[in-house]
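# Coordinate analysis (summary)
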Amino acid sequence: MKNLLLLITIVLSTNLSAQDFDRQKMDSLFILIESNQKGMGSISIFEEGREAYQHSFGYASKEGNIKATDKTKYRIGSISKTFTASIIMKLIEEGKLSLTTKLSEYYPEIENSKKITIAQLLKHRSGIFNFTNAEDFTSWMEQPISKADLVKKIAANGSVFEPNAKFEYSNSNYVLLSFIAEKVENKALAQLIKEMVCMPCALENTYYGSKISTKNNEAKSYIKSSEWQLAPESDMSIPQGAGAVVSTPQELNKFLNCLFNNKIVSEKTVQAMMEIEDGYGLGMFQVPFYGKKAYGHNGAIDGFQANAYYFPVENVSVAFTANGLAMPINDIMIGVLSIYFGKEYSLPEFKETKALDLKSEDLDKYLGVYSSPGFPLKITITKKDNILIGQATNQPSFPLEAYETDKFKFEQAGLVLEFSPLDHKMILKQGGGKYELSKE
């Protein structure tokens, strides 16, 4: 559901046509990731509607010593938005809603509701503040909340720009869309997902999630510091249609094939969903891969991350679900697609670095708020016991691992922070970018 951090983007590219790909090399990629403790999860690739490759690695539960298998189910975060968009578009086909329906018909208490349309909610062009970016979000994200109270929280944060002025990702949009669908059909979202998506697509292991149950083959999620640590567990009354679905990579591929083969909504509707404005359509992103185009979504909630994309021209889909990553998910996806589609690719070489053993008082010189006129976010550095914690403006916090004197990293996002305590400065490195920030 949440954007993990800062400037993470999806950049994918390659040529397709790869039925005879190097399976051994693909296996080696995930063996390397697992053996170097860089990730845990499951991958599935479909071509022509059938599974061509599957690999599970790591643990569904480290505490229970339960290994991941092809039956392990994962929270998929914002991939849930494509499910919700499909439901909304089906209701539009049935004449129960329209893309021009105003939010004020259902939630007049939301700022600018008389101007905001269903289309703008679907396209993240409403201007409604993203409630998961609220400063107090982490203090209540693990507790149940009523729909009425969640709407109050969304309304209380107001708007950040005029409707349709621009694209800005907001989970609030899809929570409201799911509540609207429930009102239109007088059914719970869990039932709508089952009836309008899972049944037509023959999905047996996909559903609206609840408290994680390892007895039900559900994975727990983890965040890597020096070791894998159990991540917080969001209560699923919060993400709703923005991020509450649980599934497997195989069933995500089934869903994509079902959707893009017009078994949920009509071909005309699917084409409308694929019309991209500022990188986003109706419940889906478009991503390039060497001149080819894929459509789908990424997702992140707690320690879970996922990608699910479909290449319509090539009739190939790739779904990856992870319950713990200590490297950028984009690096994994590039590796998977490069191997599958026969592009030049070298397996990663993980250099072993030993985390520095720092005491709590050793971290005090780094604490503070760092900013720069040329950088869009402020970075707040705090600590918890002997772990340094970073947090960008309106984004979730993340643990930092010390690997050299004054140098810290958050491998999951490919982020490096290099401090100069005497100069009260910090260098932030990510995705090839380098930014100097000063302590306020």
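Residues numbered from 1 in each chain as written. Predicted model: local features only at pLDDT ≥ 70, side-chain atom pairs only at ≥ 80, totals over all residues. Heavy atoms only, no water.

## Let's talk about the confidence of the model for the chain
Summing up the model confidence of the chain, the mean pLDDT is 92 and the portion of residues at 70 or higher is 95%. Across residues 2-18 the pLDDT falls below 50, and counting only partners more than four positions away or on other chains, this stretch makes 70 contacts in the model. (pLDDT = per-residue confidence, 0-100. Contact = heavy atoms within 4.5 Å.)

## Some thoughts on the environment of I43
Position of I43 among the secondary structure elements: in strand β1 (residues 39-47). The spatial distance from the C-alpha of I43 to the C-alpha of Y53 is 7.8 Å, given a sequence separation of 10 residues. When residues no more than four places from it in sequence are discounted, the contact partners of I43 are F30, Y53, Q54, H55, P249, V318, A319, F320 and V336. (Helix = DSSP H or I, 4+ residues; strand = E, 2+ residues; numbered from the N terminus.)

## As for the packing of helix α1 (residues 23-35) against helix α10 (residues 329-340)
Contact geometry for α1 and α10: axes closest at 9 Å, N-to-C directions at 160 degrees. Taken together, α1 and α10 sit at an angle that is classed as roughly antiparallel. Two packed elements cross with a definite hand, and for α1 against α10 that hand is right-handed. Residues K25, M26, L29, F30 and I33 of α1 lie in contact with α10, whose contacting residues are I332, G335, V336, I339 and Y340. Grouping the constituent residues of the contact of α1 with α10 by class yields 8 nonpolar, 1 polar and 1 charged. (Axes fitted to C-alpha atoms, helices over the stretch in contact; angles between N-to-C directions. Parallel < 35°, antiparallel > 145°, perpendicular 65-115°, else oblique. Left-handed = near helix turned anticlockwise from the far one by under 90°. Nonpolar A, V, L, I, M, F, W, Y, C, P; charged D, E, K, R; others polar.)

## Focus: the sheet that holds strand β10 (residues 285-289)
Each strand in a sheet pairs with another by means of backbone hydrogen bonds, the pair being arranged parallel or else antiparallel. Read across the sheet, 6 strands follow the order β2-β1-β13-β12-β11-β10 without closing on themselves; strand pairing throughout is antiparallel. Bordering the open sheet on either side are β2 (50-57) and β10, each of which pairs with just one other strand. Taking each pair of neighbouring strands and ignoring which way they run, the sheet shows an average axis angle of 20 degrees. Pairing analysis gives 5 bridges linking β10 to strand β11 (residues 292-301), with the strands arranged antiparallel. Looking across to β11, one finds that F285 is bridged to G296. The strands that helix α8 (residues 249-260) touches are β1, β2, β11, β12 (304-311) and β13 (316-325); relative to β1, the one it contacts most, it runs at about 35 degrees. Lying over the sheet, α10 contacts β1, β2, β10, β12 and β13, oriented at roughly 145 degrees with respect to β13. (Pairing = 2+ DSSP bridges.)

## Some details on unusual backbone geometry
One non-glycine residue, Q240, lies in the positive phi region at around 50 degrees. With respect to the helices and strands, Q240 occurs in the loop between β8 (228-230) and β9 (245-247). When its relative accessible area of 5% is taken as the criterion, Q240 is described as buried. At D278, a position not held by glycine, the phi torsion is positive, near 55 degrees. Along the chain, D278 turns up in the loop between α9 (267-273) and β10. (Buried < 20%, exposed > 50% of the residue type's maximum accessible area, 1.4 Å probe, protein only.)

## A word on the sheet that holds strand β14 (residues 368-371)
Spatially, the 8 strands close up into a barrel ordered β14-β15-β16-β17-β18-β19-β20-β21, and their pairing is antiparallel. Here the average twist between neighbouring strands, direction ignored, is 30 degrees. As paired elements, β14 and strand β15 (residues 379-384) share 3 bridges and run antiparallel to each other. Along β15, the bridge assignment pairs G368 with I381.

## Remarks on the state of the cysteines
In the structure shown here, the tally under the stated rule is 1 disulfide. Covalent S-S linkage joins C201 and C258, the inter-sulfur distance amounting to 2.2 Å. Judged by the sign of its S-S torsion, about -80 degrees, the bond between C201 and C258 is left-handed. Linking C201 in helix α7 (residues 189-201) with C258 in helix α8, this pair joins segments that are 57 residues apart in sequence. Cysteine C198 is unpaired, with the sulfur of C201 as its nearest cysteine sulfur at 7.6 Å. (Disulfide = S-S within 2.5 Å.)

## Some remarks on the pairing of strand β16 (residues 387-392)
With 6 bridges connecting them, β15 and β16 associate as antiparallel partners. Bridge pairing in β16 links I381 to G390. Linking β15 back to β16 in an antiparallel pair, the connection comprises 2 residues, with D385 at a positive phi of about 60 degrees. Pairing of β16 with strand β17 (residues 397-404) involves 4 bridges; the strand directions are antiparallel. Looking across to β17, one finds that G390 is bridged to F398.

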